[in-house]
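Inside the fold
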Amino acid sequence: MGTAAPQIRIGCQGWRYADWRVIQPMGDGLAAPFYPKSILAAQELHAYSQTFDLVEVDATFYAIPSAQTLQQWAVATPAEFRFTLKLPRSLTHDARLKRGRATLLEFCGRAELLADKLAAILIQLPPSFGIADYPTLEKFLPHLPKTLPFAIEFRDRSWLTERTVALLSQYQVALVLGETPWLPTTVCLPWLKQLPTDWLYVRIMGTKEGGLERFTHLQVNRDLELDTWVAALQTLDKSVYVLVDNHFQGFSPATATLLKRKLGQNERPFPRDCVTAQLELW
């Protein structure tokens, strides 16, 4: 992330959800959707980027995007907008970081097309990838291009050790912390005092097992967790990317906006509240 002044960017884990177009009946009225009814699917990213300046892309977890797709994403968003891309699961889950150098190089080559709009490449490991796999990670990290920003998400708390932090620091790979089913806030907070890099990746999630089924409006009050993270982030002299999931409260755009409000950041209206003509300019 360079030597730029520390900042906290907040966005959502994805921008395309069918429920974000749905008007949901509620006891005290209706929950308006994120997007206007008339918007085309191809316009959604541009519309989203008028509200938030950061997004996590889940699609890259399943396939390497084409050069044309990445160029379309770059053109559709303002200069200050940033993307985080998940490393393909063929590397993290299928090969478990033991093979796939050609895939890694191909993916990184595509990611470079985003230039300054690339915030991070997320290495999301499966829960079964435990500390016993330390030698595998140790062999994998040297293959990461030093010119690109990487962050790693462990889903086994046994990884949170000083030895791990030292390894990540050696290769300048950021640590992913947050509120997740695998690493809850209480486990993550102590590690804010010994991060491996000068930036941090935070994922705010909810449970996907027996949790919320529709993503149309805020359905769970989780101010306690949000306030805890606000207080923690305000003490850091580091740049932070915060990505919010629908499962956390039921509607990530509202959660992300609430988080911005708690941090004293400027809030932007949802696309549904903007003049439709403005969405058609790009």
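Scroll up a little and you will see the structure.
Each chain carries its own residue numbering, running from 1 in the written order of its sequence. For a predicted model such as this one, the threshold for reporting local features is a pLDDT of at least 70, and the threshold for listing and counting side-chain atom pairs is 80 or more; totals across whole chains, interfaces and linings nevertheless cover every residue. The side-chain values count all of the structure's non-hydrogen atoms but skip hydrogen atoms and water molecules.

**What to know about the overall build of the chain**
Numbering goes from the N terminus for both helices and strands, where a helix is a DSSP run of H or I of at least four residues and a strand is a run of E of at least two. Regarding its fold elements, the chain presents 10 helices and 10 strands. Radius of gyration (C-alpha) of the chain: 19 Å, near the 19 Å computed for a compact globule of 282 residues. Across its three principal axes, the chain shows a C-alpha extent of roughly 55 × 40 × 40 Å. As displayed, the chain has an accessible area near 12800 Å², and 52% of this comes from carbon and sulfur atoms. For the chain, the centre of its 29 positive side-chain charges and the centre of its 28 negative side-chain charges are spaced 4 Å apart. Based on C-alpha atoms, the radius of gyration is set beside the globule rule, defined as 2.2 Å times the residue count to the power 0.38. Values of accessible area rely on a 1.4 Å probe in the Shrake-Rupley scheme; residue burial ignores everything except the protein chains shown. Charge counting follows a simple rule: Lys and Arg are positive, Asp and Glu are negative, and His as well as the terminal groups are ignored. Working definition for charges: the position is that of NZ of Lys, CZ of Arg, CG of Asp or CD of Glu.

**Some remarks on empty space enclosed by the protein**
Every definition here rests on a 1 Å grid over the protein atoms only: cavities are sets of points where a 1.4 Å probe fits but cannot get out, pockets are open sets enclosed by protein on both sides within 12 Å along at least five of seven lines, and lining residues have some atom within 4 Å of a point. Grid points are joined across faces, edges and corners, and a volume is the space filled by probe spheres set on the points. Scanning the model with the defined rule gives 1 cavity of 30 Å³ or more in all. The computed volume of the largest cavity comes to approximately 40 Å³. Each residue belonging to the lining of the largest cavity can be placed in one class, and the counts come to 5 nonpolar, 2 polar and 1 charged. Classification used: nonpolar for Ala, Val, Leu, Ile, Met, Phe, Trp, Tyr, Cys and Pro, charged for Asp, Glu, Lys and Arg, polar for all others including Gly.

**Overview of the nonpolar core**
To qualify as a nonpolar core, a set must consist of buried Ala, Val, Leu, Ile, Met, Phe, Trp, Tyr and Cys residues joined through side-chain atoms within 4.5 Å. Exposure is judged per residue with a 1.4 Å probe applied to protein chains only, and the accessible area is read against the type maximum: over 50% gives exposed, under 20% gives buried, and values in between give partly exposed. Grouped together as the largest cluster of nonpolar side chains are 77 residues, with contacts concentrated most on Y48, L85 and L177. If you tally residues by element for this core, the top one is helix α8 (residues 223-233), at 5 residues. Setting aside anything within four residues of it in sequence, one finds L177 in contact with L160, C188, W191, L192, L195, L200, Y201, V202, R203 and W229. A151, A174, V176 and Y241 belong to the second-largest nonpolar core, a separate cluster that totals 11 residues. Contacts are assigned to residue pairs with any non-hydrogen atoms lying within 4.5 Å of each other.

**Structural notes on the side chain of D245**
In this structure, D245 sits in the loop between β10 (239-244) and α9 (246-249). Here D245 falls in the buried class, since its relative accessible area comes to 5%. In this view, D245 contacts Q13, I204, M205, G206, K208 and S252; residues no more than four positions away in its chain are not counted.

**Side note on the packing of aromatic side chains**
Aromatic pairing here means that ring centres of Phe, Tyr or Trp (its six-membered ring) are within 6.5 Å. Orientation follows from the plane angle: under 30 degrees is stacked, over 60 is edge-to-face, and everything else is tilted. Inspection of every chain in the model, using the stated rule, returns 20 aromatic pairs. With a centroid separation of 5.7 Å and 85 degrees between ring planes, the pair formed by W15 and W73 is classed as edge-to-face. Of the two residues, W15 is situated in the loop between β1 (8-13) and β2 (24-26) and W73 in helix α2 (residues 67-76); the sequence distance between them amounts to 58 residues. Given the relative accessible area of 11%, W73 is considered buried. Judged by centre distance (6.1 Å) and plane angle (85 degrees), the ring pair of Y48 and F81 falls under edge-to-face.

**With respect to the state of the cysteines**
A pair of cysteine sulfur atoms is labelled a disulfide when the two atoms are within 2.5 Å. Applying the stated rule across the entire model yields 0 disulfides. Cysteine C188 is unpaired, with the sulfur of C12 as its nearest cysteine sulfur at 20 Å.

**Some points on the sheet that holds strand β5 (residues 82-86)**
Paired strands, in this sense, are two strands between which DSSP finds at least two bridges. Overall, parallel pairing links the 8 strands, which are arranged β1-β4-β5-β6-β7-β8-β9-β10 in a closed barrel. Mean inter-strand twist for the sheet, computed between neighbouring axes without regard to direction, equals 30 degrees. Pairing of strand β9 (residues 199-204) with β10 involves 6 bridges; the strand directions are parallel. Bridge pairing in β10 places L200 opposite V240. Seen against the sheet, helix α10 (residues 252-262) touches β1 and β10 and runs at an angle of roughly 170 degrees to β1. All axes here are fitted lines through C-alpha atoms, helices being fitted over the stretch that makes contact, and every angle between N-to-C directions spans 0 to 180 degrees.

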